[in-house]
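One-letter residues, chain by chain:
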Amino acid sequence: MTRRLRTGVLISGRGSNMSALIEAAGRPDFAAEIVLVLSDWPDAAGLVAARAAGVTAKAIDYRCFSAREAFETELHGQLAGAGIELVCLAGFMRILSPKLVERWSGRILNIHPSLLPELRGLHTHERALAEGRREHGCTVHFVSAELDAGPIVAQARVPVLPGDDADTLASRVLHEEHRIYPLALEAVARKLLAAERPAI
Ligand code: GAR
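Treat the numbers as computed from the prediction; the structure is a model and nothing was measured.

(A) Region of interest: the layout of surface pockets. Considered as a void within the structure, the largest pocket measures approximately 960 Å³ in volume. For the lining of the largest pocket, the secondary structure elements donating two or more residues are α1 (16–24), β5 (108–112), α5 (124–130) and α6 (166–196). The element contributing the most residues to the lining of the largest pocket is α6, with five residues. Partitioning the lining of the largest pocket into residue classes produces 17 nonpolar, 13 polar and seven charged.

(B) Fine view of the sheet that holds strand β7 (residues 152–159). The sheet built from seven strands is open, its strands ordered β3-β2-β1-β4-β5-β6-β7 with mixed pairing. Both edges of this open sheet fall to β3 (56–59) and β7, since each of them pairs with a single strand only. Neighbour-to-neighbour, the strand axes of this sheet turn through a mean angle of 20°, independent of strand direction. For strand β4 (residues 86–89) and β5, the ladder comprises three bridges, and the chain directions are parallel. Among the inter-strand pairings, Cys88 is bridged to a residue of β5, identified as Leu109. Here α1 sits on the sheet in contact with β1 (5–11), β2 (32–39), β4 and β5, set at roughly 155° to β2. Its contacts with the sheet put α6 on β1, β2, β4, β5, β6 (135–142) and β7, and the angle it makes with β7 is roughly 160°.

(C) Structural view of the environment of Pro113. Among the structural elements, Pro113 can be located in the loop between β5 and α5. It is 8.4 Å that separates the C-alpha atoms of Pro113 and His136, two residues lying 23 residues apart in sequence.

(D) Expanded view of unusual backbone geometry. For the bond running from Leu116 to Pro117, omega is 10°, close enough to zero to count as cis. Relative to the elements of secondary structure, Pro117 occurs in the loop between β5 and α5. Within the chain, His123 stands out as a residue other than glycine whose phi angle is a positive 55°. On the secondary structure map, His123 appears in the loop between β5 and α5. Judged by relative accessible area, which is 55%, His123 ranks as exposed. Located in the positive-phi region is Asp148, a residue other than glycine, with phi close to 55°. Mapped onto the elements, Asp148 comes out in the loop between β6 and β7.

(E) Looking closely at α1. The buried fraction of α1 is high, at seven of nine residues. In this fold, the buried residues of α1 make contact with β1, β2, α2 (45–52), β4, β5 and α6.

(F) Quick peek at the environment of Met93. Its place among the elements puts Met93 in the loop between β4 and α4 (98–103). Classification of Met93 as exposed rests on a relative accessible area of 56%. Between the C-alpha atoms of Met93 and Ser39, which are 54 residues apart in sequence, the distance is 9.8 Å. Each residue touching Met93, except ones within four places of it in the same chain, is listed here: Ser12 and Leu122.

(G) Structural detail: the packing of α1 against α2. One way to put it is that α1 packs onto α2 with a least axis distance of 9 Å and a crossing angle of 15°. Considered as vectors, α1 and α2 are oriented roughly parallel to each other. Remark: the crossing between α1 and α2 carries right-handed chirality. Of the residues in α2, those touching α1 at Met18, Ser19 and Ile22 are Gly46, Ala49 and Ala50. Among the residues making up the contact of α1 with α2, the classes are represented as four nonpolar, two polar and no charged.

Thresholds, definitions, all that
- The written sequence of each chain sets the order in which its residues are numbered from 1.
- Only residues with pLDDT of 70 or above have their local features reported here, since the model is predicted, and side-chain atom pairs are shown and tallied only from 80 upward, although totals for entire chains, interfaces and linings are computed over all residues.
- For side-chain calculations, the full set of non-hydrogen atoms in the structure is used, while hydrogens and water are omitted.
- Think of a 1 Å grid over just the protein atoms. A cavity is a set of points where a 1.4 Å probe fits yet cannot get out, a pocket is an open set with protein on both sides within 12 Å along at least five of seven lines, and lining residues have an atom within 4 Å of a point.
- Grid points are joined across faces, edges and corners, and a volume is the space filled by probe spheres set on the points.
- In DSSP terms, a helix is any run of H or I states spanning at least four residues, a strand is any run of E spanning at least two, and both are numbered starting from the N terminus.
- Residue type decides the class: Asp, Glu, Lys and Arg count as charged, Ala, Val, Leu, Ile, Met, Phe, Trp, Tyr, Cys and Pro as nonpolar, and the leftover types, Gly among them, as polar.
- Strands are labelled as partners when DSSP assigns at least two bridges between them.
- Axes here refer to lines fitted to C-alpha atoms; in helices the fit is confined to the stretch in contact. Angles between the N-to-C directions go from 0 to 180 degrees.
- Residue contacts are defined here by distance: any two heavy atoms, one from each residue, within 4.5 Å place the two residues in contact.
- Throughout this description, buried means an accessible area under 20% of the type-specific maximum (1.4 Å probe, protein chains only), exposed means over 50%, and partly exposed covers the range between.
- Each angle is binned into one of four classes, with values under 35 degrees roughly parallel, values over 145 roughly antiparallel, values of 65 to 115 roughly perpendicular, and all other values oblique.
- Handedness of each helix crossing follows the sense of rotation of the near helix against the far helix: counterclockwise by less than a right angle gives left-handed, clockwise gives right-handed.

Have a look at this one:
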């Protein structure tokens, strides 16, 4: 059996990107396997979807922790305890501390609904429309201490069409998110696995 990278997915909500990753990783030749899903929010619909797909899914309710450090200690413990080697943020709406990012350096990916470095932060579809942009899209990038600023792995562009509102634009972008996140995960996982092999 070929070794595959043990991957965890962090979510906060619906988890459609998580589902796209789980589906892609269902292929036996995919370089990553999704072994754990964690949510900071117990009601996240994605937890139900993950379990239905046969993936262990747990909530770490951030409200139960007095401070971010305690929440992140639990998060790190769950990831490390499950032998996770790569983490995918998929609609995870909590900002990670520089300390946690450093601990997982080069091993956390995020998907962001804009063409980074444009439109970092929240409400990207509304802002793309308000600014009259003709083009919008999504980006998979490595997570760095600075928000939405780490090295870019993949991007997809979509047109902003006349008559678009935030919902129609978001769904056009989301379609591309589901396409590029599995491609980016596969590429990063392959690279990490290749780096393990001694040169001959
Ligand atoms: C996605 O559009 C993702 O790009 C965005 O949240 C949505 C989650 O949807 N992430 C961010 O805005 C992160 N800053 P999903 O739960 O259905 O994957």
